[in-house]
Structure formats: structure tokens, C-alpha cells
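Descriptive structure summary
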Amino acid sequence: MKRKSMATSLDDFSRREIASLERRLFMQRGLSLGALTMLSGCDVTNQENVQKVLWAMSRWNDRVQGWIFDPDQLAPEFPESRITQPFPFNAFYSMSEAPVVDPTSYKLEVTGLVRDRKSWTLPELYELPQVSQVTRHICVEGWSAIGKWSGVRFSEFLQRIGADTTAKYVGFKCADDYYTSIDMPTALHPQTVLTFRFRDRILPREYGFPMKLRIPTKLGFKNPKHIVALFVTNDYPGGYWEDQGYNWYSGS
Amino acid sequence: MSNQWNYVRVHPLIVRITHWISAFSIFIMVFSGWRIYNADPFLGFRFPDAWTLGGWLAGALQWHFAAMWLLALSGLVYVGYGIVSGHLWRKLMPLTPAAVLRDFRDALRGKLSHADLTVYNAAQRAAYLAVIILLVVLILSGLVLWKPVQFQGLGMLMGDYEGARYVHFFAMAGVVFFVVVHVVMVLLVPRTFPSMLTGRVRTRAS
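Residues numbered from 1 in each chain as written. Chains lettered and ligands numbered in written order. Predicted model: local features only at pLDDT ≥ 70, side-chain atom pairs only at ≥ 80, totals over all residues.

Between the first and last C-alpha of helix H4 (residues 97-108) of chain B there are 16 Å, a value that for 12 residues agrees with the 16 Å anticipated at 1.5 Å per step. In the stretch just after H4(B), B:Gly110 is the one whose phi turns positive, near 70°. (Helix = DSSP H or I, 4+ residues; strand = E, 2+ residues; numbered from the N terminus. Expected span 1.5 Å × (residues − 1).)

See below:
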């Protein structure tokens, strides 16, 4: 009897140990040595609470950024002489792994809260009225680069598909399995452009062929490339980096 | 001579509270900021990862953008109180370059007197004023980095987005330098430390 209870408690003990070890390993990603030193007085539970507070603050910052966002404030535009050369390639994979999209069979799928759910071929998209911009792309890492993109104003495209512009989000799925989503006010901003060209040439594969949503009022990772599907929704769609802890709104 | 002690209140409660909240948030801002800098070390060096907070870029950004509220709010309360009550003016003025130079020279020679902790010498006044200005510059350049499009007017004062990165970095370096000197001074004159907790300094009654 005594032995049994001792075995049970040992068993409990090692289970707790394993659970706590797993938690600690999980926490190592979010909390470096510095934070652990600072929080050495707290137990693991409190560190999970720290993570919860940080996520809650990030959601709060989403809201604040929505309030700060001025739909009439334009991102600065630059002369073409200021374009960064070479424009940096950036993705969660190397340049050689960028997706290869066949332009002849390509169709942009449109779903969600829209009137017209028909898919769009590239020739159809190229026929839409085109605008150009020379703007600064700012990466969440800190660097920035100026580029020139051309395509159809996204607000114009949303109007053509009969999107419910009172919905909260537009979500994107990409050929490289990347995904992201933006708020509707940003989607309707005049400089938010569904672009097919970079420096007046068809968007090369490394910059997002066949299309990149260019949003100069958001950080680079909020500008999806290789888009194959978009949808209008009221359900928060998240994003590839956003779900890992990067701030969702990430507005400039 | 009497054995009586007099207690003089030098730091009002609101100053003590905002001092420690600011200190805590500056600690978070600096160490998470170093991690963010490391994601694109534009000055050609990296901070050792062990000296940084957040574990990776996203974690560091979460810390940075959470603690910024603490720093901005406690800074706002401190400066607002300091101006309205006259505390800032009383403690930091008058301040002349000649007096700062004189006290700074004395301090380096170890001749600066700290007998009366109720009054700041000119070197202290200059340092405290400088760190307040540096923190204001940090917050303003931070706003430009966070929202370069929405605050582009402010950004133009510091060379746009790329200029603001340098302003933000060097203002941080200034604050870190202040903190190091500040802590060394507290270690050299340890009697100053409890006063930032209790608000009082002890002077011998005469």
C-alpha cells in the first residue's frame, strides 16, 4: 500500500516534471535568458501569463493602429531614380525555391462575401485599368527599399467583384502556401494595388509572379506575393507570420 | 550637536512611481530593441543574443510594442506632473553651461560634494534634463519607425524612415550611457538609493 502510493506520487512527480520541461522548452522561444533572469522570481505559470499579456497587447496594438490609420494619408512617392537596385528578394525560403506559376492555366479564385465569385485569368486582370507607384517597401526586419509596381487599384477590383466592403477582412492564399489578411480600410486605400508589373516588366518570379498585393501603408510581409485566391470575410483569417507572433495589423 | 535626524522629502510619490516604471520599461525597451536591431544590423555589428530579450524578432517586437505603452504613459505622467507642479523647474533650474562644466570637472576629480542630497548639482541637472530630452527623442523617432506613413511630417524632421533608424539608435545609446553613469553614481553614493524608495533623505538636525 505504502509502496504503491509512493510509486504513484513518483509517477505524478515525473509527469509534472515532463510537463514543466515541455512548457519550459516551449517558453524558450519567447523568453530569452534576459527575461528569465528578470522573471526569476516567478514560476512557469506566470511566464505563460507573460506570453498571454504580450499577445493581448499585440491585439490592443492592432486596434490602436486601426484608429491611427488615416484612409486619406498617402505613402510618400519617389522619383524612379530613387528605386533600389537590385531590389532585395525576401521570403521564408531561398530564391531558387520561389514557386513556378503557369500563366496559361493560372486563375485567381475569388470567394467569400462577394457578389461575383468567378475566377480571373491573367489576360482579364491585365485589361483592368492600371496605375503605377514608386513607394518605399519597409520590412519588419528594419530595412527598406524603394520599388516601382503597377497594376489595378485593389478598391477598383473589390468593386468589380461586388465585395461587401463593410466586411472586416480580406484574406489571401498564395502559391507558396503563404497566407495573410488585411483590414478592409487598408484594402480600400487608394495606394493598395494588385500589381502585375515591377519596374514596367511583368512581375518576375522572385518578386511574386503572377501578382503581388502592394500595400505601401503596411510592412512588407503584409504584401502577399504569388496570390492564387482571395476572400472577403468577417472571420479573422490570421496569417503565416502573424500566427507565429508578428503583429497582425503591422501598418506603416 | 544634536543626535536628532531630520527627514526631508526629496522625491514625491508620483516621481518615485514613475521612476521605477520608467526604469523597468527602459530595461525592456533596450534589450528587446537590441534584438530588433539584430534582425538588420545596419551599423555593422550585432548585440550578443544572450543580451537581448524576446528570443526572436517577433518576440522582441511584442515586448517592445507592449513596454512602449508603459514608458510613454509613465513619461507623460512624470513630465506632466513635473511641469504642472513646478517640480522639474525647481529641481533642474537654474542650469548654466559654466556651472555644468565646473561640476563635471569636479566630479571627474572626485571632488564633487554630495553632502546635501536635497539639491542637485549642475552635472546632475544637465544629465537628468538630457535623459528626459533623449527619451522624448526616442519616443518621437519610435513613432516614425512604427508609423512612417501616418507620421511622415514628423519623419521629415529626422530624415524620413531611414534617418529615424539612426536617430532612434543613437538616442538609445545616449540613454544607455546615462543609465550606466547613473547606476555607477548610485553605487558611489549609496545613500541616494533608499531615497528613491522612501522619498526621504536624512539630514542631521543642527
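This part is about the confidence of the model for chain B. Within chain B, residue pLDDT values average 90, and 97% of them lie at 70 or more. Taken over the whole predicted complex, pTM reads 0.86, whereas the ipTM for its chain interfaces reads 0.88. (pLDDT = per-residue confidence, 0-100.)

Okay, the sheet that holds strand E5 (residues 179-183) of chain A next. All names here are of chain A. Taken together, four strands build an open sheet; the order of strands is E1-E9-E4-E5 and the sheet is mixed. In this open sheet, the two strands that pair with only one neighbour each are strand E1 (109-112) and E5. Ignoring strand direction, the axes of neighbouring strands in this sheet form an average angle of 20°. The sheet contact formed by strand E4 (residues 169-174) and strand E9 (residues 227-233) spans six bridges and is antiparallel. Among the inter-strand pairings, Val170 is bridged to a residue of E9, identified as Val232. (Pairing = 2+ DSSP bridges. Axes fitted to C-alpha atoms, helices over the stretch in contact; angles between N-to-C directions.)

Okay, the environment of A:Gly220 next. All names here are of chain A. For Gly220, the position within the fold is in the loop between strand E8 (212-214) and E9. On the basis of neighbour counts, which here come to 19 C-beta atoms within 10 Å, the residue Gly220 falls in the partly exposed class. As a C-alpha pair, Gly220 and Ser144 span 76 residues in sequence and 9.0 Å in three-dimensional space. Beyond its immediate sequence surroundings of up to four residues, Gly220 is in contact with Asn90, His137, Ile138, Cys139 and Val140. (Buried ≥ 20, exposed ≤ 12 C-beta atoms within 10 Å, placed from the backbone. Contact = placed C-beta atoms within 7 Å.)

All names here are of chain B. Their axes nearest at 7 Å, the elements H4 and helix H5 (residues 122-146) cross at an angle of 110°. Here H4 lies roughly perpendicular to H5, going by the angle between them. From H4, Ala99, Val100, Arg102, Asp103, Phe104 and Ala107 reach across to H5, where they touch Ala122, Ala123 and Ala126. Across the contact of H4 with H5, the residue classes tally to seven nonpolar, no polar and two charged. (Parallel < 35°, antiparallel > 145°, perpendicular 65-115°, else oblique. Nonpolar A, V, L, I, M, F, W, Y, C, P; charged D, E, K, R; others polar.)

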